[in-house]
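Take a look at the letters that make up each chain.
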Amino acid sequence: MTVHSPPMTSAVSTSQGVFPPAGFGVYESSMTGPSGPYVHPEPESNDNDETELYSVSWNQDYGCFAAGTSFGFRIYNCDPLKETFRRDLKSGGFKIVEMLFRCNILALVGSKMNTQYPPNKVIIWDDHQSRCIGEFSFRSEVRSVKLRRDRVVVVLEHKIYVYNFMDLKLLHQIETSANPRGLCYLSQHLNTSVLACPGLQRGQVRVEHFGLNVTKLINAHDSQIASMTLTMDGLILATASVRGTLIRIFNTMDGTRLQEVRRGVDKAGIYSIALSPNVQWLAVSSDKGTVHIFSLRVRVVGEDHSTDSAVVRGPALFHQNSSNSLDAILSSSTSANPGSSLSFMKGVLPKYFSSEWSFAQFHLPECIQFITAFGSQNTLMIAGMDGSFYRCSFDLMNGGMMVQQEYIRFLKSETRRR
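An account of the accompanying structure is given in this report. For clarity, every value in this text was computed on a predicted model and none was experimentally measured.

### Thoughts on the pattern of salt bridges
Evaluation of the coordinates by the stated rule reveals 14 salt bridges. Residue Glu406 pairs with Arg391 through a salt bridge whose shortest N-O separation is 2.7 Å. Taken together, the positions of Glu406 in strand β31 (residues 403-409) and Arg391 in strand β29 (residues 388-393) put the pair 15 residues apart, joining distant regions of the chain. One network of salt bridges, with partners in common, ties together Lys95, Glu141, Arg143 and Glu157.

Next comes the structure, spelled out in structure tokens:
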């Protein structure tokens, strides 16, 4: 079955016309599977000085991460850190490897050196069957792919396509400003369908609440958006601009700014923003080599943080119409971010002096791209494009310098970073 989308969009094909239902299988470390017609696993490992790391990305619940390499891709479990499995290719590697929780379905985009899968094509791969079950072809390079159990979202530099996962039918097309980073985030709760991406204006974020048929445009920054993230329910948005000095947190329903924290004074390239499951903490990594953790004043949205939760507790988030109603989602924290000693002169001195600074910090090598995610309790996981993995903890009451608990090379030390 082949479906042709409108002109200048995409061509979509599936092997059987319909995807399997949402209850996919689960990755196991012993899962190897026979070689299918699309992917041909190499008999020998390619973990040598020729391997280049193209990408590192978390799955939706941060329990695993995927690494795209010059030879294929690898899947790692986070706690404990362990390589679950790998697929090595003769045709070349993948620059994008997007997981769907822990199931056997992945979205793959080949590197420019891949002779079989060009960077303008998205492959939906079923690793349990060892075959491609669908593909999307575009006229320009794919910048990122995002998955949830009912949607496939493909991000190009100026446009985003939203497809139904079951039959690959095109549901939505969204125009964006130039988006070379492929910024796009999805909610993962089943009862909220939220997408956040750059808007058409500089510094603007567009939030689509598909279930409510509501579009919200948030003027988040004066400069272009460099990084963003959503909570699992899609109700809280965190953003940073290309200046990289301020991180802002918004209510996606009404666009209200809930909090602003300061990473630093000098311009920095933000690599990642992460929110803890209870929305109490925010972590930021940048090219300055320091990971910052900030304490948030956003009320916890329920105690059940399962991605399969049928009900999102805290409906007050859906009814924010005035500044007074912000009390419903702002709360005092026992762990406050430090501020300037001159913050009492807020309104007189420049805004810098009333800023909230980071609560905890961890130092890393500069100019190496790291992504972060919160682990269990008071731990933070950090994965780097140099093939390194850190697990560190922070003091919930006093903050300060984080303590390194674990350091592992998930790719050998001679692995080259692209």
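From this point, things continue past the structure.
### Some details on unusual backbone geometry
With omega at 0°, the peptide bond leading from Asp79 into Pro80 counts as cis. Within the secondary structure, Pro80 sits in the loop between β5 (72-78) and β6 (81-88). Residue Ser130 is not a glycine yet carries a positive backbone phi of 55°. As for its position among the elements, Ser130 is in the loop between β9 (121-126) and β10 (131-138). For Ser130, a relative accessible area of 3% translates into the label buried. With a phi angle near 65°, Cys367 is a residue other than glycine that sits in the positive phi range.

### Details of the layout of surface pockets
Approximately 1400 Å³ is the volume attributed to the largest pocket. Lining the largest pocket are 48 residues, and of these Val56, Ser57, Lys146, Arg181 and Gln369 sit closest to its centre. Elements with a minimum of two residues in the lining of the largest pocket: β3 (52-58), β7 (94-99), β11 (144-148), β15 (185-186), β19 (225-230), β23 (270-275), β27 (370-374) and β28 (379-384). A per-class count over the lining of the largest pocket returns 26 nonpolar, 14 polar and 8 charged.

What counts as what
- Residues numbered from 1 in each chain as written.
- Predicted model: local features only at pLDDT ≥ 70, side-chain atom pairs only at ≥ 80, totals over all residues.
- Heavy atoms only, no water.
- Salt bridge = Lys/Arg side-chain N within 4 Å of Asp/Glu carboxyl O.
- Helix = DSSP H or I, 4+ residues; strand = E, 2+ residues; numbered from the N terminus.
- Buried < 20%, exposed > 50% of the residue type's maximum accessible area, 1.4 Å probe, protein only.
- 1 Å grid on protein atoms, 1.4 Å probe; cavity = no way out; pocket = protein on both sides within 12 Å on 5 of 7 lines; lining within 4 Å.
- Points joined across faces, edges and corners; volume = space filled by probe spheres on them.
- Nonpolar A, V, L, I, M, F, W, Y, C, P; charged D, E, K, R; others polar.

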